[in-house]
Amino acid sequence: MPLSIAIVGAGPSGFYSAQALISRGIDCHIDIVDSLPTPFGLIRGGVAPDHQHTKRVSRTYEETAQQEGINFYGNVQLGRDISVLELRSLYDVVVLAIGTPLDRGLDVIGGRKRGVYGAAEFVGWYNGHPAYRHLAPLLDRKEVAVIGNGNVALDIGRLLVRTREEMNVTDMPDYAIEAIQNSPITDVYIFGRRGPAEAKFTNVELREIGQLKNCVPMVDPEEMPDEIDPNLSDRDRRLVERNIATFRSFAETDPKGKGKRLHFCFHSMPMEILGDDRVEGLRLQRTQIVDGQAAGTGRYYDIPCGAAIAAIGYRMGPIEGVPIDLRGGHVINKDGWVAEGLYAVGWAKRGPTGVISTNKSDGDIVAERIENEIPLGSKPGRPAFEDHLRARGVRWFSFEDWKVLDENEKATARDGAPRRKLVDIDDMISLINRSQGVASSTSE
Ligand code: NAP
């Protein structure tokens, strides 16, 4: 009997796992389940809308999805429509490819004031994620603070200062373009608690900041290190040297002629969100590096800002039937193995690090493990799963349904844009029903 395999999560790690299972020639049926009606996870909802070249990788996932034996079930939510325990009772193998969807909390005084956002919600908002499209962030002041020195902080900073022309050719929803373009934002501050040598920006993304149409990067040359940590590997040293060279070139850039500024502020640890009920400013403590970590110096400074966006990493929340390392924010696993027939891949396995292609090797590893550890199928899989969904009244989306949405999004795009994203699940259901000649929005 073929193995029945459920992969929960239709992002990169889910699709790479499905492809690896198929490529090994394992006799199996694979059902890829996602809480959203739309596939591709972080490619659609996380990768910045002005990075369409990165989003193109979804074409590979599309080929995987259309292979014999693979089905997509969108709009099926773990916890709401089915539990991990139920999935495990129906499938021989369950692979958790669910990412780390929550923000790590910003632990500062006043961190719950209006105008404080986590990257998961802010990125979700500008990317048209149905759960965050109503965020309506406070963007009514000239200054915005972004906390964190990783690529997500760069994405957010960059998108807050792009011109309308730059945004129009992306798949950013109209509401986000209008909110940013109608805002008075002129200065975005990106705060790192350590120095430029410790920043996690990749160099291509950092250099992109120097090429923005109406924004100039600002950095204090005094912040540049005199020497680079001699204990770094050659590879890491080269990466740091490249970033430092880029920062030095930023420091020499003439700010005249451009209307907006993106300030890189190092050795600055957020301490307090200022203001009464909403963000009016940010208090930071100057730091020095002690044993590689940021240590406070007892010197403070304030900057005014109307919003503070924390891009300080992601985590997982609790999931019934899954052991979670709450500190690391991911599933407790041994090289992908969680329990008999239960595996984790991608950020759910490793935590939120690495680039999209890092997920490929997770897929290869899990496929090899499944081949060796679960040779024979015994559970009903797909038909029993569909019975379960029908009994719960779940309106699931197939990959063919997604293709209808996809065509609609492409057909309604602004001039020069790749698509106009549908951001409302009810609208997606109505569209599919209309395409199928169904009058009401119930049943599958
Ligand atoms: P990240 O690269 O791990 O960066 C997190 C940043 O937050 C670090 O600078 C960290 O500082 C800082 N931080 C953590 N806790 C903090 C606190 N309490 N106060 C102040 N700062 C704090 O994470 P990310 O930016 O979320 O990115 C996640 C992954 O996705 C990364 O692997 C990234 O490269 C990838 N990604 C790639 C792209 C791209 O290739 N274009 C785009 C987006 C994301 P410390 O270093 O001091 O801990």
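Residues numbered from 1 in each chain as written. Predicted model: local features only at pLDDT ≥ 70, side-chain atom pairs only at ≥ 80, totals over all residues. Heavy atoms only, no water.

**What to know about the pattern of salt bridges**
Phase 1 of the analysis: This model, assessed by the stated rule, comprises 36 salt bridges.
Phase 2 of the analysis: Put simply, aspartate 174 and arginine 420 hold a salt bridge, and the shortest N to O gap is 2.3 Å. Residue aspartate 174 is located in helix α9 (residues 174-181), and its partner arginine 420 is located in the loop between α15 (399-411) and α16 (425-435); the two are separated by 246 residues in the primary sequence.
Phase 3 of the analysis: Connected through shared salt-bridge partners, Arg44, Glu62, Lys403, Asp406, Glu409, Lys410 and Arg419 make up one network. (Salt bridge = Lys/Arg side-chain N within 4 Å of Asp/Glu carboxyl O. Helix = DSSP H or I, 4+ residues; strand = E, 2+ residues; numbered from the N terminus.)

**Remarks on the state of the cysteines**
Phase 1 of the analysis: For the structure shown, the criterion picks out zero disulfides.
Phase 2 of the analysis: Cysteine 265 takes part in no disulfide bond, and the closest cysteine sulfur to it belongs to cysteine 305, at a distance of 11 Å.
Phase 3 of the analysis: On the accessibility criterion, cysteine 265 (15% relative accessible area) is buried. (Disulfide = S-S within 2.5 Å. Buried < 20%, exposed > 50% of the residue type's maximum accessible area, 1.4 Å probe, protein only.)

**A few points about the site of the ligand**
Phase 1 of the analysis: Taken together, 18 residues sit near the ligand, with Asn149, Asn151, Arg193, Arg194 and Gly354 positioned nearest.
Phase 2 of the analysis: Take asparagine 149: an N or O atom from its main chain is 2.9 Å from an oxygen atom of the ligand.
Phase 3 of the analysis: At 2.8 Å, a side-chain N or O of arginine 194 approaches an oxygen atom of the ligand.
Phase 4 of the analysis: Among the elements that take part in the shell around the ligand, helix α7 (residues 151-161) stands out by supplying three residues, more than any other.
Phase 5 of the analysis: Considered class by class, the residues forming the shell around the ligand number six nonpolar, seven polar and five charged. (Near = heavy atom within 4 Å. Polar contact = N/O pair within 3.5 Å; in protein donor to acceptor, adjacent residues only side chain to side chain. Nonpolar A, V, L, I, M, F, W, Y, C, P; charged D, E, K, R; others polar.)

**A few points about helix α1 (residues 12-23)**
Phase 1 of the analysis: For α1, with 12 residues, the first-to-last C-alpha span of 16 Å sits near the 16 Å given by 1.5 Å per residue.
Phase 2 of the analysis: Counting buried positions along α1 gives nine out of 12 residues, so the element sits mostly inside the fold.
Phase 3 of the analysis: Along α1, the residues classified as buried are Pro12, Ser13, Gly14, Phe15, Tyr16, Ser17, Ala18, Ala20 and Leu21.
Phase 4 of the analysis: One or two steps after α1, the chain reaches glycine 25, where phi turns positive at roughly 75°. (Expected span 1.5 Å × (residues − 1).)

**Digging into the environment of leucine 96**
Phase 1 of the analysis: Position of leucine 96 among the secondary structure elements: in strand β4 (residues 93-96).
Phase 2 of the analysis: In the structure, leucine 96 is positioned 88 residues away from valine 8 in sequence and 5.1 Å away in space, judged by C-alpha atoms.
Phase 3 of the analysis: Among all residues touching leucine 96, those that are not within four sequence positions of it are Val8, Val84, Val322, Val331, Leu342, Tyr343, Ala344, Val345 and Ala348. (Contact = heavy atoms within 4.5 Å.)

**As for the packing of α1 against helix α13 (residues 358-373)**
Phase 1 of the analysis: Relative to each other, α1 and α13 sit at 45°, their axes nearing to 8 Å. The angle between α1 and α13 places the two elements in the oblique class. Note on packing geometry: the crossing formed by α1 with α13 is right-handed. Contacts from Pro12, Ser13, Tyr16, Ser17, Ala20 and Leu21 of α1 reach α13 at Asn359, Lys360, Gly363, Asp364, Val366, Ala367 and Ile370.
Phase 2 of the analysis: Of the residues in the contact of α1 with α13, the class split is seven nonpolar, four polar and two charged. (Axes fitted to C-alpha atoms, helices over the stretch in contact; angles between N-to-C directions. Parallel < 35°, antiparallel > 145°, perpendicular 65-115°, else oblique. Left-handed = near helix turned anticlockwise from the far one by under 90°.)

**Details of the domain arrangement of the chain**
Phase 1 of the analysis: Domain parsing of the chain yields domain 1 (3-101 + 316-435) and domain 2 (102-314).
Phase 2 of the analysis: The gap between the C-alpha centroids of domain 1 and domain 2 is 31 Å.
Phase 3 of the analysis: Note on domain 1 versus domain 2: buried area summed over both sides is about 2300 Å², and carbon and sulfur give 50% of it.
Phase 4 of the analysis: When the area that domain 1 buries against domain 2 is broken down by residue, the three leading residues are Pro49, Arg414 and Val423, summing to 26%.
Phase 5 of the analysis: Taken together, the connections running from domain 1 to domain 2 amount to five salt bridges.
Phase 6 of the analysis: Ionic pairing is found between aspartate 174 and arginine 414, a salt bridge with its closest N-O pair at 2.6 Å.
Phase 7 of the analysis: Taken together, the connections running from domain 1 to domain 2 amount to 19 residue pairs in polar contact (both at pLDDT 80 or more).
Phase 8 of the analysis: Put simply, the parts of the chain that give the side of domain 1 that touches domain 2 at least two residues each are α2 (41-45), α3 (52-55) and α16. (Domains from an automatic or database assignment. Buried area = accessible area lost by both parts, 1.4 Å probe.)

**Considerations on the side chain of threonine 163**
Phase 1 of the analysis: In this fold, threonine 163 is placed in the loop between α7 and α8 (164-168).
Phase 2 of the analysis: Excluding its chain neighbours within four sequence positions, the residues that come into contact with threonine 163 are Gln181, Lys213 and Asn214.

**Overview of the sheet that holds strand β13 (residues 293-304)**
Phase 1 of the analysis: Taking strand neighbours across the sheet as the criterion, the three strands line up as β11-β12-β13 in an open arrangement whose pairing is antiparallel. In this open sheet, the two edge strands, each paired with only one partner strand, are β11 (268-274) and β13. Neighbouring strand axes in the sheet, compared pairwise and without regard to direction, differ in orientation by 25° on average. (Pairing = 2+ DSSP bridges.)

**Notes on unusual backbone geometry**
Phase 1 of the analysis: For asparagine 75, which is not a glycine, the phi torsion comes out positive at approximately 65°.
Phase 2 of the analysis: Assignment of secondary structure puts asparagine 75 in the loop between β3 (70-73) and α5 (84-90).
Phase 3 of the analysis: Its relative accessible area of 8% is what places asparagine 75 among the buried residues.
Phase 4 of the analysis: Phi at alanine 136 is positive, roughly 45°, even though this residue is not glycine.
Phase 5 of the analysis: Mapped onto the elements, alanine 136 comes out in the loop between α6 (119-126) and β7 (143-147).
Phase 6 of the analysis: For alanine 136, a relative accessible area of 56% corresponds to the exposed category.

**Here we look at the environment of phenylalanine 250**
Phase 1 of the analysis: Mapped onto the fold, phenylalanine 250 is located in helix α11 (residues 234-251).
Phase 2 of the analysis: Spatially, the C-alpha atom of phenylalanine 250 lies 15 Å from that of glycine 195, the residues being 55 residues apart in sequence.
Phase 3 of the analysis: Setting aside residues up to four positions removed in sequence, phenylalanine 250 forms contacts with Leu206, Ile209, Gly210, Pro217, Val219 and Phe264.

**Details of the nonpolar core**
Phase 1 of the analysis: Residues Phe122, Tyr126, Ile156, Leu160, Phe247 and Phe264 are the most contacted members of the largest nonpolar core, which totals 47 residues.
Phase 2 of the analysis: With sequence-adjacent residues up to four places away left out, isoleucine 156 is seen in contact with Ala119, Phe122, Val123, Tyr126, Val146, Ile309 and Ala311.
Phase 3 of the analysis: Core analysis: the next-biggest nonpolar cluster, separate from the first, contains 39 residues, Ala97, Val366, Phe397 and Ile429 among them. (Core = buried A, V, L, I, M, F, W, Y, C linked by side-chain atoms within 4.5 Å.)

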